Amino acid sequence: DGGITQSPKYLFRKEGQNVTLSCEQNLNHDAMYWYRQDPGQGLRLIYYSQIVNDFQKGDIAEGYSVSREKKESFPLTVTSAQKNPTAFYLCASSPGSVIGNTIYFGEGSWLTVV
Amino acid sequence: DQQVKQNSPSLSVQEGRISILNCDYTNSMFDYFLWYKKYPAEGPTFLISISSIKDKNEDGRFTVFLNKSAKHLSLHIVPSQPGDSAVYFCAASALRNTGTASKLTFGTGTRLQVTL
């Protein structure tokens, strides 16, 4: 079955630690995204990548970093510089620049700072 | 600055009746709109979309209406079913600017509860 796989589902981080959230897709999609969801805030775009080896900052990129070395993979690192990292993180992908396409989401990862 | 707004955080509708979820936007560059449904602790799933060249798009029980002059869109679900209970997100994109439907701006969501 094609889809987007995020891991881990739940992650606890100590203050000052960096953590990396994994996102893998086997949909052969060119574009991949990371969103963050906080209560009452909807989904906010952290980073996105429209092609391998290229990525762009979204609306709330501070304290995060990404890489796109392979088409299938778009890991997100939450660094110690992120002041309020506790949130639900969603990875997504889309086919690319075809009008009418949509974004498909993974199941999400819960990150809690302890 | 919230460019996509869903002013009703929650809505309760009886089974079989119509559910109407509303969404307003402020960015006149938005020309492509989508609705997503989300269950707790899961990723959103795509429901229906509409381009700004249309004012209505229908898919089964789901219809999206777009009023460009009012910068308003709505999702109608008829008839509503208990399985429709979820959070619904409106999203918008500026296709003309980016050439893709990729960079979506989401609203804050409306929680729909369909009661028996």
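For the structure, see preceding data.
Here is what the cut-offs are and how they apply
Residues numbered from 1 in each chain as written. Chains lettered and ligands numbered in written order. Predicted model: local features only at pLDDT ≥ 70, side-chain atom pairs only at ≥ 80, totals over all residues. Heavy atoms only, no water. Helix = DSSP H or I, 4+ residues; strand = E, 2+ residues; numbered from the N terminus. Rg over C-alpha atoms; globule rule 2.2 N^0.38 Å. Pairing = 2+ DSSP bridges. Salt bridge = Lys/Arg side-chain N within 4 Å of Asp/Glu carboxyl O. Buried < 20%, exposed > 50% of the residue type's maximum accessible area, 1.4 Å probe, protein only. Phe/Tyr/Trp six-rings, centres within 6.5 Å; stacked < 30°, edge-to-face > 60°. Axes fitted to C-alpha atoms, helices over the stretch in contact; angles between N-to-C directions. Contact = heavy atoms within 4.5 Å. Buried area = accessible area lost by both parts, 1.4 Å probe. Polar contact = N/O pair within 3.5 Å; in protein donor to acceptor, adjacent residues only side chain to side chain.

Trainee: Help me out: how do you make sense of the overall build of chain B in this one?
Mentor: The helix and strand inventory of chain B stands at 1 helix and 11 strands. If you list the helices and strands of chain B from N to C, you get β-β-β-β-β-β-β-β-β-α-β-β. Taking 2.2 N^0.38 as the reference for a compact globule, 116 residues should give roughly 13 Å; the C-alpha atoms of chain B span a radius of gyration of 14 Å, in line with that estimate. In terms of overall dimensions, chain B has a C-alpha envelope of 45 × 30 × 20 Å along the principal axes.

Trainee: Explain the sheet that holds strand S1 (residues 4–5) of chain B here, please?
Mentor: Hydrogen bonding along the main chain pairs the strands of a sheet, whether they run parallel or antiparallel. Residue and element names in this part refer to chain B. Pairing is antiparallel across the open sheet formed by 5 strands, whose spatial order is S1-S3-S8-S7-S6. Of all strands in the sheet, those with a lone pairing partner are S1 and strand S6 (56–59), marking the two edges. Here strand S7 (residues 62–67) pairs with strand S8 (residues 72–77) via 6 bridges, running antiparallel. By the bridge assignment for S8, phenylalanine 65 is matched with serine 74.

Trainee: I'm lost on the pattern of salt bridges in this one. Help?
Mentor: Pairs can form between side chains of opposite charge once their charged atoms are near each other. All chains considered together, the criterion is met by 5 salt bridges over all chains. Across the pair aspartate 38 of chain A and arginine 44 of chain A runs a salt bridge whose closest N-O atoms are separated by 2.8 Å. Owing to a relative accessible area of 12%, aspartate 38 of chain A belongs among the buried residues under this scheme. When the shortest N-O distance is used, the salt bridge between arginine 61 of chain B and aspartate 84 of chain B registers 2.8 Å. Taken as a pair, arginine 61 of chain B in the loop between S6 and S7 and aspartate 84 of chain B in the loop between S8 and strand S9 (86–93) lie far apart in primary sequence, 23 residues in all. The exposure class of aspartate 84 of chain B is buried, given its relative accessible area of 2%. Ionic contacts of the salt-bridge type, sharing partners, join the residues Arg36, Asp38 and Arg44 of chain A into one network.

Trainee: How should I be thinking about the packing of aromatic side chains in this particular structure?
Mentor: In this description, an aromatic ring pair is defined by two values, namely the gap between the centres and the angle between the planes. One pass over the full model with this rule turns up 14 aromatic pairs over all chains. Geometrically, the ring pair formed by tyrosine 36 of chain B and phenylalanine 106 of chain B is tilted, given 5.8 Å between the ring centres and 55° between the ring planes. Residue tyrosine 36 of chain B is found in strand S4 (residues 32–38), and its partner phenylalanine 106 of chain B is found in strand S10 (residues 105–106); the two are separated by 70 residues along the sequence. Judged by its relative accessible area of 3%, phenylalanine 106 of chain B is buried. These aromatic residues form a ring-pair network of at least three members: Tyr33, Tyr35, Tyr48 and Phe105 of chain A together with Tyr36, Phe46, Phe89 and Phe106 of chain B.

Trainee: What am I meant to see in the sheet that holds strand S1 (residues 4–7) of chain A here?
Mentor: All names here are of chain A. Pairing within the open sheet is antiparallel, and its 4 strands lie in the order S1-S3-S8-S7. Looking at which strands have only one partner, the edges of the open sheet turn out to be S1 and strand S7 (64–66). When the angles between neighbouring strand axes are averaged without regard to direction, this sheet yields 20°. Where S1 and strand S3 (residues 19–25) come together, 4 bridges link them in antiparallel fashion. Residue pairing in the sheet places isoleucine 4 in a bridge with glutamine 25 of S3.

Trainee: What am I meant to see in unusual backbone geometry here?
Mentor: The phi angle of most residues is negative, glycine excepted, and most peptide bonds adopt the trans form. Note that the residue after serine 7 of chain A, namely proline 8 of chain A, is joined by a cis bond; omega there is -10°. Topologically, proline 8 of chain A is positioned in the loop between S1 and strand S2 (10–13). Following valine 78 of chain B, the chain continues into proline 79 of chain B via a peptide bond in cis, with omega recorded as -10°. A positive phi angle, close to 60°, is found at asparagine 28 of chain A, a residue other than glycine. Looking at the element boundaries, asparagine 28 of chain A is found in the loop between S3 and strand S4 (31–38). The exposure class assigned to asparagine 28 of chain A is exposed, which follows from its relative accessible area of 56%.

Trainee: Sorry, what's going on with the interface of chain B and chain A here?
Mentor: One frequent convention defines the size of an interface as the accessible area lost when the parts assemble. Chain B puts 20 residues into the contact, and the matching count from chain A is 25 residues. For the pair chain B and chain A, the summed buried area comes to about 1,800 Å², and 61% of that belongs to carbon and sulfur atoms. One can count 0 salt bridges joining chain B with chain A. Joining chain B to chain A, the criterion identifies 4 residue pairs in polar contact (both at pLDDT 80 or more). Top element by residues in the side of chain B that touches chain A is S4 of chain B. It accounts for 4 residues.

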